[in-house]
Amino acid sequence: MRNMAKIPGSAVEPVTSALLSIGFTDFALRELGATRGRPPSSYGGEWVDHLSWGVDSAYSAARLLFSGQFLGATAILRSQFERWTESAAYNTNITHKKGESVADYAARAWAKCHKNFPFARREIRENPNFNESESGEAAGSTQSSTHDLSVIIGKDHKVYPAELMNSMSNLLHSRGPWVDVLHWEAGQLLDGTSPLSLGEVSNKLSDVMTLNLRQIRLCLAALAEEEGKMDLPHKVLSRSFERARGGHNPPAFPSLIPMLPNAGLLPGVVAGLEDAARAHDSVMRGKRPAGRLYRDDEFALLHFYERRARAANWALTAFDIEKERTGSLDFDHLKNRDFRYLVAAEMVGLVSVWLGRTPAADAAAACSSAMRSAYWLWLEDDDRALAALRVLLEQCGRLRVWTQKPDKAEKLEASTSSTPKDWLVAAGWRRLSALNKALGEFSHAHANIRWDGAREILQKIQHGDVDPEDSVHMARGHALDALTFLLIAESIGSASKLSPAIGAAFRELVDDVLIEENQLLAGREALFNRTLLQKDASLGDYSFRGPADTTRKSFTQ
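Notes on the structure in this doc start here. What you see is a predicted model; the values in this text were computed from it and never measured.

Procedures and definitions
Residues numbered from 1 in each chain as written. Predicted model: local features only at pLDDT ≥ 70, side-chain atom pairs only at ≥ 80, totals over all residues. Heavy atoms only, no water. Core = buried A, V, L, I, M, F, W, Y, C linked by side-chain atoms within 4.5 Å. Buried < 20%, exposed > 50% of the residue type's maximum accessible area, 1.4 Å probe, protein only. Contact = heavy atoms within 4.5 Å. Salt bridge = Lys/Arg side-chain N within 4 Å of Asp/Glu carboxyl O. Helix = DSSP H or I, 4+ residues; strand = E, 2+ residues; numbered from the N terminus. Expected span 1.5 Å × (residues − 1). Phe/Tyr/Trp six-rings, centres within 6.5 Å; stacked < 30°, edge-to-face > 60°. Lys NZ or Arg CZ within 6 Å of the ring centre and 35° of its normal.

Brief notes about the nonpolar core
One recurring pattern in soluble globular proteins is that nonpolar side chains are buried together. In this structure, Met 209, Leu 389 and Leu 458 are the most contacted members of the largest nonpolar core, which totals 179 residues. Leave out the neighbours within four places in its chain, and Met 209 touches Val 15, Ala 18, Leu 19, Ala 58, Ala 61, Ala 62, Leu 65 and Leu 77.

Quick look at the pattern of salt bridges
According to the stated counting rule, one finds 39 salt bridges in the structure shown. Asp 180 is the partner of Arg 357 in a salt bridge, and the nearest nitrogen-oxygen pair spans 2.7 Å. Here Arg 357, found in the loop between helix 14 (331–354) and helix 15 (359–378), pairs with Asp 180, found in helix 9 (residues 180–186); they are 177 residues apart in sequence, far enough to count as distant. Arg 337 is the partner of Asp 481 in a salt bridge, and the nearest nitrogen-oxygen pair spans 3.0 Å. A residue pair is termed long-range when its members are at least 10 positions apart, and Asp 481 in helix 21 (residues 468–498) and Arg 337 in helix 14 qualify at 144 residues. Each member of the pair, Asp 481 as well as Arg 337, carries the same accessibility label: buried. Bridged by salt links that share partners, the residues Asp 26, Arg 38, Asp 56, Glu 306, Arg 307 and Arg 310 form one connected network.

Concerning the environment of Asn 262
Structurally, Asn 262 can be placed in the loop between helix 11 (232–236) and helix 12 (267–284). Distance from Asn 262 to Phe 331, taken between C-alpha atoms, is 9.6 Å for residues 69 residues apart in sequence.

Quick word on helix 12
For helix 12, built from 18 residues, the straight-helix expectation of 26 Å at 1.5 Å per residue is met to within 8% by its first-to-last C-alpha distance of 26 Å. Three or more residues of helix 12 are buried, namely Val 269, Val 270, Leu 273, Ala 276, Ala 277, Ala 279, His 280, Ser 282, Val 283 and Met 284. Check the buried side of helix 12 and you find it contacts helix 2 (25–31) and helix 13 (296–326). Directly beyond the C-terminal end of helix 12, a positive phi value near 85° is found at Gly 286.

Points about the environment of Asn 3
Among the structural elements, Asn 3 can be located in the segment before helix 1 (9–20). For Asn 3, a relative accessible area of 15% translates into the label buried. Asn 3 sits 186 residues away from Leu 189 along the chain, and the two C-alpha atoms are 7.1 Å apart. Sequence-distant contacts of Asn 3, defined by excluding residues within four places in its chain, comprise Leu 189, Leu 190 and Asp 191.

Considering the side chain of Gln 534
One can find Gln 534 in the loop between helix 23 (517–532) and strand 3 (544–545). For Gln 534, a relative accessible area of 12% gives the class buried. Beyond its immediate chain neighbours, meaning those up to four positions away, Gln 534 contacts Ala 434, Ile 457, Lys 460 and Ile 461.

Description of the packing of aromatic side chains
In this structure the tally under the stated criterion is 15 aromatic pairs. Ring geometry for Phe 66 versus Phe 304: centroids 5.7 Å apart, planes at 80°, classification edge-to-face. Of this pair, Phe 66 sits in helix 3 (residues 47–66) while Phe 304 sits in helix 13, and the two are 238 residues apart along the sequence. Here Phe 66 matches Phe 304 in class, with each residue buried. Taken together, the ring pairs connect Tyr 43, Trp 53, Phe 442 and Trp 451 into an aromatic cluster. A cation over a ring is seen here: Arg 83 above Trp 84, with NZ or CZ 4.4 Å from the ring centre. Above the ring of Phe 117, the side-chain terminus of Arg 214 is found at 3.9 Å from the ring centroid.

Notes on unusual backbone geometry
For residues besides glycine, phi is generally negative; the peptide bonds are generally trans as well. Of note, Arg 243 is a non-glycine position whose phi angle comes to about 65°, a positive value. Tracing the sequence through the fold places Arg 243 in the loop between helix 11 and helix 12. Accessibility expressed as a relative area gives 43% for Arg 243, which makes it partly exposed. Look at Asp 381: it is not a glycine, yet its phi comes out positive at around 55°. Positionally, Asp 381 belongs in the loop between helix 15 and helix 16 (384–404). By relative accessible area, Asp 381 is classed as partly exposed at 43%.

Structure (structure tokens):
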């Protein structure tokens, strides 16, 4: 935690610069009626609130990047990239071709929608027959040419959407050149010499963030025109904010730490965030709370602190609701869970060090990082915690296969078509297919997601002593606990193969301070059996709808 302050400026500045690209976005959101004080993790409400969620998601990802948690940040940014790819595609009549990869689809959508940014919006609106050939893309594009499709952000910075999508996917499966940053977090504790890839990963993820925010700005400009606020589009769409230097200093440490009563929710921390939020509100009303104009780097962080203030206030509100519902608050129980998650993340982090630079070590490092991010996001009632848990489940299975069936593991690693399901089956965890299916839904944010059905599966796999009325509120936490114990068991197994003495030390630690081994194994077996009962559970209908469909919940334009 202390080493978060040591993250090099080369990894910080791309993120603050991407955040600076929002420009007048917060002002436009207020002018267009976005709900004040909404929780940053809430995606529902009116269209303007959904756009506000998209902006808030950039700050959620940035907070994890500033904390060295590149995997958790990527889980958020990848799902957002899917979400705003579909927005770009819808508004330019791009459809997903049969057999086309997600990366190629993204490349076509972004290249067409942003070919003449910021004027593409007007061209498309005034010419409903605007088609792919008019956008400069040949109708019969090959896969290689699709990968060459690019978007210019800022003055002349060229980015390739297909490359960005593939790189994010590789990191979430703990493969490819970006895996170095996972070892840096899990094994090196963000200390010492940072990996050479750190600056590259930070720059690429910041490019994703910038594209997402640009598409949201396009949507805001269109909404402003519809509502007759003709002064807003030009301000919102200005390129001048893109690639501007946001500063190399990260936000203050207290604004990054977990939302726990003895950490990010300490009265002094919350008061500091609220002061910044009031300054942000004053700026939005045209005032100068500092007695002068803010510098660019200060402005980027002011927006950040406003989001963290909202997250803190909603965490405190959740505690109040819990107290009203149950009659008391058990912070000791939360402290125990905090310790359990820390132990699980650090145990498998040590395993990643001892395994050297091997695929098994990559899996262990990803488990450690995913455990941390899932926990931090769970504390903020953010469903993206479940996306991190999907990574944890896959990589935990991968680690088990390398421990018990190295020959099978080598074959799966050599295949370009291996899926999370393949690793779970090879690990002997076929009974967890329903859990994998449910978590998989929360890993994405496109039109065909089925979050309602997935959440119902997570409700039903909880142990039997959970009150049915409470199960919907506890499903996310139960999934976190279940996979924590699964991870602990596999960390012991991997450590034991490395060294019987280390394995025994791990067993003693877990037995003394967490759970007896026989209970750990019995709990795992019970989880497998409860999950097996849901193997044929349907995910149901799609949870959201587009503008042409009035039969489902409002979601997208």
